[in-house]
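Structure assessment
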Amino acid sequence: MVVYTDRMSNEAWRPVIPTGREDALQQGFPGYLREAVFGWLQGALGAESRYVKAQKFVDFQNAAHLELGFTSGGVLDWHGKALPQLRRLDDAIFTNFVDYTLSQNYYPKGPHPLERILSDGGSAWTVMRWNRMNARLAERVPSGVRASVGSVLSATDKASMKLKEAWLDAYGTNPRASVAYAHAVVAVETAALSLMPTGKDEPTLASVFSLLESDNPKWTLVFRDSERAPNSKTLAAMMRTLWRGHESRHGRPEYTDATLEEARGAVILAATLVQWITSGVVVPTAAR
């Protein structure tokens, strides 16, 4: 009975004799992990019958603006031609190829088959739903952090979809810090303006501040209020931190791009704000 229970466990297998590498995340695709991923790639590329259309590789080559030696037309022998070329790709290109293949394949509901391979292999990458049909690679973050924003990243409202773009630009295979920060601001702006009408023709996130910072604020948080940390002003301060910290949003002589650390901090802050706004934590003051 004990053996049966262990076999039914969902926990990943760990070596009975520790190797010292069990908890270290692999930033690239070392041989053992790459070989495991090939099994998934074979199915994703439609090569189960041994042959795969050369155009699938040519399309990636074109999208990545790279010369990888693939030529258009015909088919490739999976074992004799495709695999040897994939094994020769450096880590960066191979990572982008996996990401591209994910983005081109339908992702049904439920756990993605590639995620188990990456997780078991200790990869620093994880599979994240990109839109309603496809997935992308994203950098793995501590499970507690990912769990805390999981619900808002899986939602389908406009603000959550924009936040998902921000997350992929902050944690994806090709991070774009300033773009991620911009998407984070827009996500909060979209959520806030959807809930809190400002009466202005062209409102922005800054338009919400007056609703929260007045002597009689129209919106507040469900938490117990405090004179030392008023709910409405605390919410406004969080939004202002995101808004004012976005140097790349406003042209200035001392312009600098957002750093990746700034962008990731902004995305986490935005995730909290969007979750609060869309889940009932932000409420009309009259309702308190």
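The paragraphs below set out a description of the structure included in this document. (Residues numbered from 1 in each chain as written. Predicted model: local features only at pLDDT ≥ 70, side-chain atom pairs only at ≥ 80, totals over all residues. Heavy atoms only, no water.)

1. Regarding the side chain of glutamine 61
Its location among the elements puts glutamine 61 in helix H3 (residues 54–63). Overall, glutamine 61 belongs to the buried group, its relative accessible area being 8%. In terms of polar contacts, glutamine 61 uses its side chain to reach the backbone carbonyl oxygen of phenylalanine 70, at 3.0 Å. Beyond its immediate sequence surroundings of up to four residues, glutamine 61 is in contact with Leu66, Glu67, Leu68, Gly69 and Phe70. (Helix = DSSP H or I, 4+ residues; strand = E, 2+ residues; numbered from the N terminus. Buried < 20%, exposed > 50% of the residue type's maximum accessible area, 1.4 Å probe, protein only. Polar contact = N/O pair within 3.5 Å; in protein donor to acceptor, adjacent residues only side chain to side chain. Contact = heavy atoms within 4.5 Å.)

2. Digging into the packing of helix H9 (residues 177–195) against helix H12 (residues 260–279)
The contact between H9 and H12 brings their axes to 8 Å, and the two run at 15°. In terms of orientation, H9 and H12 fall into the roughly parallel class. The handedness of the crossing between H9 and H12 comes out as left-handed. Within the contact between the two elements, H9 uses Ala177, Ala180, Tyr181, Ala184, Ala187, Val188, Ala191, Ala192 and Leu195 and H12 uses Leu260, Glu262, Ala263, Ala266, Val267, Ala270, Leu273, Val274, Ile277 and Thr278. For the contact of H9 with H12, the residue count by class is 17 nonpolar, 1 polar and 1 charged. (Axes fitted to C-alpha atoms, helices over the stretch in contact; angles between N-to-C directions. Parallel < 35°, antiparallel > 145°, perpendicular 65-115°, else oblique. Left-handed = near helix turned anticlockwise from the far one by under 90°. Nonpolar A, V, L, I, M, F, W, Y, C, P; charged D, E, K, R; others polar.)

3. Observations concerning the packing of aromatic side chains
Applying the stated criterion across every chain yields a total of 8 aromatic pairs. Ring centres of phenylalanine 38 and phenylalanine 94 lie 5.7 Å apart, and the angle between their planes is 90°; this geometry places the pair in the edge-to-face category. On the criterion of sequence distance, the pair formed by phenylalanine 38 in helix H2 (residues 31–44) and phenylalanine 94 in helix H5 (residues 91–104) is long-range, its members being 56 residues apart. Here the two residues phenylalanine 38 and phenylalanine 94 agree in accessibility, since each one is buried. Here the aromatic rings of phenylalanine 57 and phenylalanine 70 are separated by 4.7 Å at their centres, their planes lie at 15°, and the arrangement is stacked. Note that phenylalanine 57 is positioned in helix H3 and phenylalanine 70 in the loop between H3 and strand E2 (75–77), a separation of 13 residues in sequence. One aromatic cluster in this structure is built from Phe57, Phe60, Phe70, Phe97 and Tyr100. (Phe/Tyr/Trp six-rings, centres within 6.5 Å; stacked < 30°, edge-to-face > 60°.)

4. Topic: the pairing of strand E3 (residues 125–129)
Counting buried positions along E3 yields 4 of 5 residues, so the element is predominantly enclosed. Strand direction decides the pairing type here: E3 and strand E4 (residues 135–139), joined by 5 bridges, are antiparallel. Across the sheet, the residue bridging to threonine 126 is alanine 138, located in E4. Linking E3 to E4, which pair antiparallel, is a turn of 5 residues. (Pairing = 2+ DSSP bridges.)

5. Regarding the pattern of salt bridges
Overall, the coordinates contain 10 salt bridges when judged by the stated rule. With a closest N to O distance of 2.6 Å, arginine 50 and aspartate 77 form a salt bridge. With a gap of 27 residues between them, arginine 50 in the loop between H2 and strand E1 (51–53) and aspartate 77 in strand E2 connect regions that are remote in the sequence. In this structure, the salt-bridge partner of arginine 264 is glutamate 139, at a minimum N-O distance of 2.6 Å. You can see arginine 264 sitting in helix H12 and its partner glutamate 139 sitting in strand E4, a full 125 residues away along the chain. Looking at glutamate 139, the relative accessible area reads 23%, which means it is partly exposed. (Salt bridge = Lys/Arg side-chain N within 4 Å of Asp/Glu carboxyl O.)

6. Things to note about the environment of tyrosine 51
Here tyrosine 51 shows up in strand E1. A sequence separation of 27 residues divides tyrosine 51 from tryptophan 78, and the C-alpha atoms of the two residues are 5.3 Å apart. Leave out the neighbours within four places in its chain, and tyrosine 51 touches Gly46, Val75, Leu76, Asp77 and Trp78.

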